[in-house]
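Results of the structural survey
The primary structure of each chain is shown beneath.
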Amino acid sequence: MAEKNTKKSSVRYKAKKRVSRSVKPSSHWLRNLSLVVLLGGGAGLVAYMGYLDHNVSTQFEGKRWAIPARVYANPIELYAGQRLSAGEFENLLKRLHYRQDDLLSAEGTYVRDGLHVSVKTRDFNFWDQAQNSVRMSLNFTETSIEKITDLKKSTEMALVRLEPVQIGSFYPTIKEDRVLIKLAEAPDALVKALLASEDREFYTHHGISVRGIIRAIWADVRAGGLVQGGSTITQQLVKNFYLTPERRLWRKIREILMALILEFRYSKDEILEAYLNEIYLGQDGSNGVHGFGLASEFYFGTPLKDLPLEKLVTLVALVRGPSQYDPRHFPERALQRRNLVLDAMVLQKYLTPQQAQAAKAQPLSVITRTRRASNRYPVFLDFIKRQLKQDYKEQDITSEGLRIFTTLDTQIQDTLEVTVTKKLAQLEKLPHANNLEAAVVVTRRDSAEIVAIIGGRDDSGQGFNRALDAVRPIGSLVKPAIYLAALEKPDKYTITTRVSDAEIHVKNESGKDWIPQNYDHREHGRVPLHTALAKSYNLATVRVGMDVGIAKIAKTMKNMGVSRELDLYPSLLLGASSLTPIEVTQMYQTLAGDGFFTPIKGIRAVVSAENKPLQSYPFVVKQVVDPAATYIVNTMMQGVMHEGTGHSAYEAFPKDYGLIGKTGTTNDAKDSWFAGYTGDYLSVVWVGRDDDKPIGLTGSTGALPIWTSLMKQISTQPVLLTPPDNVTLTLIDPRNGLLANKACHGAKEYPYITGSAPSAYSVCGAAVIKEDKKWFDDLFTE
């Protein structure tokens, strides 16, 4: 019996084995394949999670954002007696995005009552010190500041420095901008509005929230609009910070996985702070507006910390769709969305119904869109970037959040732009003067700091920067350098030394005779040096230049700041050498600096994103030419303005203003130049055409009218020349260049380097010799 059972069992077992053998190849293959797929998929998932983890941590812990450099104009310094009207001051405040507020309840507010303006300034970190907010009042006359009073201390203030206007930014390849904020600095109402409308369970979920998605759909249906978002704040951060905007299933899976990793690795506060700085909230031209810090300035012109509840909620309303809820383009839609967020805050008991209702009663109050960091003054910013590249790499300039303080005076810059536009339109009414372009550089005479600059009629920055790059023949602007070189030899040349203004033949570089001519095609006989410059006589200038030596004159120009290689040809003496307007400005800056070279600069200081000073650009001065000879040349150029080619400027200025300048005209009237200075500013003006065709304008009829109009508007200081110790003023009889006394009719004082003045006396009243009479007639009849 047992044996039978055993056999049956054996048969049954064998039967099972046979069945098993019959299915083994198929089932094992499927099982093994499934196991391989499972193991491979698991390994792949682990590897992919590791890859994602590496990407998440590397970017989050490293340099999260490329922060563009911010460039600021020169800060405005206010003081009693300053030439600034109440209207001009109010315009300045508007440019700084100050808003009217009778109570001065926040920083960046003001109230005006006729000639009285009260202001609450903003805290600001300058390159040299941090300045706290101050409440002050300013009393004005019709044209100037009369008194500044500290409202808290009830004391008069000698000097107040307003925060500077931001004039541009230097962006990385991806044009994003942001003002970084710390979570601790974020207004409480902003965070609550964000949590109420975007992620109520932020502090309890682990990166994703299924319940949140379901609840958001239900809340939106009940409210009849978008009240809550389905994605968590963490997911939104992942979308903005790590991923592209494509809408695909795989991207959504990556978003969820990266959100989980982010939550695992970092604290909620770290995630929320990153979100506040990363979220996209609008578009400023070609530049994206990211983060609430920048959005506050972009929409309201005010730092985030100063925004009231209704404006903070308006910013949060933009999270759902910056284009859809743009308060400038769709104010009704933006208002409705803002009010829905306020209702959400009431539901979460962040606000009382009364507080929400009060906020709803407020208008949106966004500021008019202005040209912010998209570079209001591109020609100047081009100059600044070129200077920065001498010390910084391109990546540092565009992505390290540098704060660059410059020398630009926005009021003078705006005046310059309006003046050039107006004057060019007037000049183009003259024959042959069409398609004109212009370039102008304006510096402070005492420091060589650029206060204004334009590089053409279209100052958008898209075209050719003529102020920096237009290399043009300078014409008679070279002549002061020639006479300066001559006067450095006082034993041979003085201000009254007579030179022949007669035909001269000079061998040029090809061995042929070069026969220069005067502009009026006349010869003027023997004329004193000061008349030769005042009248811009070419023949006399060439004669002096050939005597002094072309190499010596080129060296003098180099000493004055010309770095470009100069061709040592005779034509150099009449300005055949070509320079850019900025190079001419550097050359004339040395004359304006009384013989001391000061490099032209546009930067005061560079500060890091953490407000640490990185580099300052101190005042540098070096004597390069004889101050005594320079003083005499400046005196001669005053003659240019009184009696010579620049005399029309005195139709706008008082006769005792002491203007100093020189006109320049090139062959066939292709270039019109003027370089000159007052007591406070130096300006160089070029007018011409890009195709190098004649314009029919001389330096006197083209560039000088622009210079005169501009300087009349900006200058407040006449020129007061102080002679060096080795220069003496001596009475001279202008009829013969000999010593005179007060009894001599028409006697004039001229400067001489000690020991170089004439030693013989004029016989006053004696008949004027024929030669002197000719010179005298030329001097006073032209």
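See the structure shown above.
Residues numbered from 1 in each chain as written. Predicted model: local features only at pLDDT ≥ 70, side-chain atom pairs only at ≥ 80, totals over all residues. Heavy atoms only, no water.

Our next topic: the overall build of the protein chain. Looking only at helices and strands, the protein chain has 23 helices and 34 strands in total. With 782 residues in all, the protein chain has 53% of them scored as buried. Once local pairs closer than 6 in sequence are excluded, the contacts in the protein chain between residues at least 24 apart make up 69%. (Helix = DSSP H or I, 4+ residues; strand = E, 2+ residues; numbered from the N terminus. Buried < 20%, exposed > 50% of the residue type's maximum accessible area, 1.4 Å probe, protein only. Contact = heavy atoms within 4.5 Å.)

Turning our eyes to something else, we now look at the sheet that holds strand S1 (residues 69–72). One open sheet holds the five strands; their spatial order is S12-S1-S16-S26-S27, and the pairing between them is mixed. Unpaired on one side and paired on the other, strand S12 (166–170) and strand S27 (613–616) mark the two borders of the sheet. Adjacent strand axes in the sheet meet at a mean angle of 20°, parallel and antiparallel pairs treated alike. The pairing of strand S16 (residues 403–406) with strand S26 (residues 603–607) spans four bridges and is antiparallel. Bridge pairing links arginine 403 to valine 607 in S26. (Pairing = 2+ DSSP bridges. Axes fitted to C-alpha atoms, helices over the stretch in contact; angles between N-to-C directions.)

Turning to helix H2 (residues 86–95), its buried residues are Ala86, Phe89, Glu90, Leu92 and Leu93. An end-on view of H2 places all buried positions within 155° of arc, on one side of the element. Against strand S2 (77–78), strand S3 (99–100), strand S4 (109–113), strand S5 (116–120) and strand S8 (135–140) lie the buried residues of H2. (Arc of directions from axis to C-beta.)

On to the pattern of salt bridges. Summed over all chains, the structure comprises 37 salt bridges. Across the pair aspartate 414 and arginine 95 runs a salt bridge whose closest N-O atoms are separated by 2.7 Å. Taken together, the residues span a long stretch of sequence, with aspartate 414 in helix H14 (residues 410–427) and arginine 95 in helix H2 at a distance of 319 residues. Residue arginine 95 is classed as partly exposed on the basis of its relative accessible area of 30%. Here arginine 466 and aspartate 690 are joined by a salt bridge, their closest N and O atoms 2.7 Å apart. One end of the pair, arginine 466, is in helix H15 (residues 466–469); the other, aspartate 690, is in the loop between strand S31 (681–688) and helix H22 (699–714), and 224 residues separate them in sequence. Look at the salt bridges and you will find they share partners, linking Arg95, Arg376, Asp414 and Glu417 into a network. (Salt bridge = Lys/Arg side-chain N within 4 Å of Asp/Glu carboxyl O.)

Let us look at the packing of helix H16 (residues 479–487) against helix H19 (residues 550–559). Packing of H16 against H19 brings their axes to within 9 Å, and their N-to-C directions diverge by 110°. As summarised for this structure, H16 and H19 are arranged roughly perpendicular, according to the angle between their axes. Residues Ala481, Ile482, Leu484 and Ala485 of H16 touch H19, and the partners they reach there are Lys552, Ile553, Thr556 and Met557. A per-class count over the contact of H16 with H19 returns six nonpolar, one polar and one charged. (Parallel < 35°, antiparallel > 145°, perpendicular 65-115°, else oblique. Nonpolar A, V, L, I, M, F, W, Y, C, P; charged D, E, K, R; others polar.)

Our focus in this paragraph is the packing of H16 against helix H18 (residues 538–548). Closest axis-to-axis distance for the H16/H18 pair is 10 Å, and the angle between their directions is 45°. Comparing the axis directions of H16 and H18 gives the class oblique. The two elements H16 and H18 meet at a crossing, and its hand is left-handed. The residues of H18 that touch H16, namely those facing Lys479, Ile482, Tyr483, Ala485 and Ala486, are Asn538, Ala540, Thr541, Val544, Gly545 and Val548. When its residues are assigned to classes, the contact of H16 with H18 shows seven nonpolar, three polar and one charged. (Left-handed = near helix turned anticlockwise from the far one by under 90°.)

Inspection of every chain in the model, using the stated rule, returns 12 aromatic pairs. Seen from their ring centres, phenylalanine 89 and phenylalanine 140 are 5.7 Å apart, and the 35° between their planes marks the pair as tilted. With a gap of 51 residues between them, phenylalanine 89 in helix H2 and phenylalanine 140 in strand S8 connect regions that are remote in the sequence. Taking relative accessible area as the criterion, phenylalanine 140 reaches 4% and is therefore assigned buried. Summarising the aromatic geometry, the rings of phenylalanine 126 and tryptophan 127 are spaced 6.2 Å apart at their centres and angled 80° between planes, so their arrangement reads as edge-to-face. An aromatic cluster of at least three residues, connected via ring pairs, comprises Tyr72, Phe124, Phe126, Trp127 and Phe405. (Phe/Tyr/Trp six-rings, centres within 6.5 Å; stacked < 30°, edge-to-face > 60°.)

Attention shifts here to the sheet that holds strand S30 (residues 671–677). Within the open sheet, the five strands sit side by side as S18-S17-S31-S30-S29. Their pairing is antiparallel. In this open sheet, the two edge strands, each paired with only one partner strand, are strand S18 (450–454) and strand S29 (660–665). Direction aside, the axes of adjacent strands within the sheet are offset by 5° on average. In terms of strand pairing, strand S17 (residues 437–444) meets S31 through eight bridges, oriented antiparallel. Bridging across to S31, valine 442 finds its partner in serine 683. Seen against the sheet, helix H21 (residues 627–643) touches S29 and S30 and runs at an angle of roughly 65° to S29.

A positive phi angle, close to 55°, is found at serine 154, a residue other than glycine. Locating serine 154 in the fold gives a position in the loop between strand S9 (145–150) and strand S10 (155–156). Judged by relative accessible area, serine 154 falls into the exposed class, the value being 60%. Positive phi values are uncommon outside glycine, yet aspartate 594 reaches one of about 60°. What makes aspartate 594 partly exposed here is its relative accessible area of 37%.

A word on the side chain of asparagine 74. Relative to the assigned elements, asparagine 74 resides in the loop between S1 and S2. For asparagine 74, the residues in contact, after removing those within four places along its chain, are Pro164, Thr406, Thr407, Leu408, Arg444 and Arg604.

This paragraph deals with the pairing of S1. Burial along S1 is two-sided: Ala69 and Val71 and Arg70 and Tyr72, pointing in opposite directions, are all buried. Taken together, the four bridges between S1 and S12 define a ladder with antiparallel strand orientation. Along S12, the bridge assignment pairs valine 71 with glycine 168.

The next subject is the environment of tyrosine 677. Mapping tyrosine 677 onto the fold places it in strand S30. Accessibility expressed as a relative area gives 0% for tyrosine 677, which makes it buried. The spacing of tyrosine 677 and tyrosine 588 is 89 residues in sequence and 9.0 Å in space, taken between C-alpha atoms. Ignoring any residue separated from it by four or fewer positions in sequence, one finds tyrosine 677 in contact with Arg445, Tyr588, Leu591, Ala592, Asn634, Met637, Leu659, Ile660, Leu682, Trp707, Met711 and Val719. Within polar-contact distance, the side chain of tyrosine 677 engages the side chain of asparagine 634 at 2.3 Å. (Polar contact = N/O pair within 3.5 Å; in protein donor to acceptor, adjacent residues only side chain to side chain.)

Counted at 1.5 Å a residue, the expected span for H21 with its 17 residues is 24 Å, and the 24 Å between its end C-alpha atoms agrees. Within H21, 14 of the 17 residues are buried, which leaves the element mostly enclosed by the surrounding structure. Measuring from the backbone nitrogen of alanine 628 back to the side-chain oxygen at the start of H21 gives 3.1 Å, which picks out aspartate 626 as the cap. (Expected span 1.5 Å × (residues − 1).)

Counting residues in hydrophobic clusters, the biggest one holds 150 residues, and the most contacted among them are Leu78, Phe89, Leu388, Ile404 and Tyr588. It is H21 that provides the largest number of residues to this core, a total of nine residues. (Core = buried A, V, L, I, M, F, W, Y, C linked by side-chain atoms within 4.5 Å.)

It is worth spelling out a nonpolar patch on the surface at this point. Together, Phe596, Phe619 and Val621 give the surface a local cluster of nonpolar side chains, amounting to about 270 Å² of exposed area. Mapping phenylalanine 619 onto the fold places it in the loop between S27 and strand S28 (622–623). According to the relative accessible area criterion, phenylalanine 619 is partly exposed, its value standing at 48%. (Patch = residues over 30% accessible without salt bridge, like charges linked within 9 Å, V, L, I, M, F, W, Y side chains within 5 Å. Areas by Shrake-Rupley, 256 points an atom, 1.4 Å probe, with all protein chains shown as cover.)

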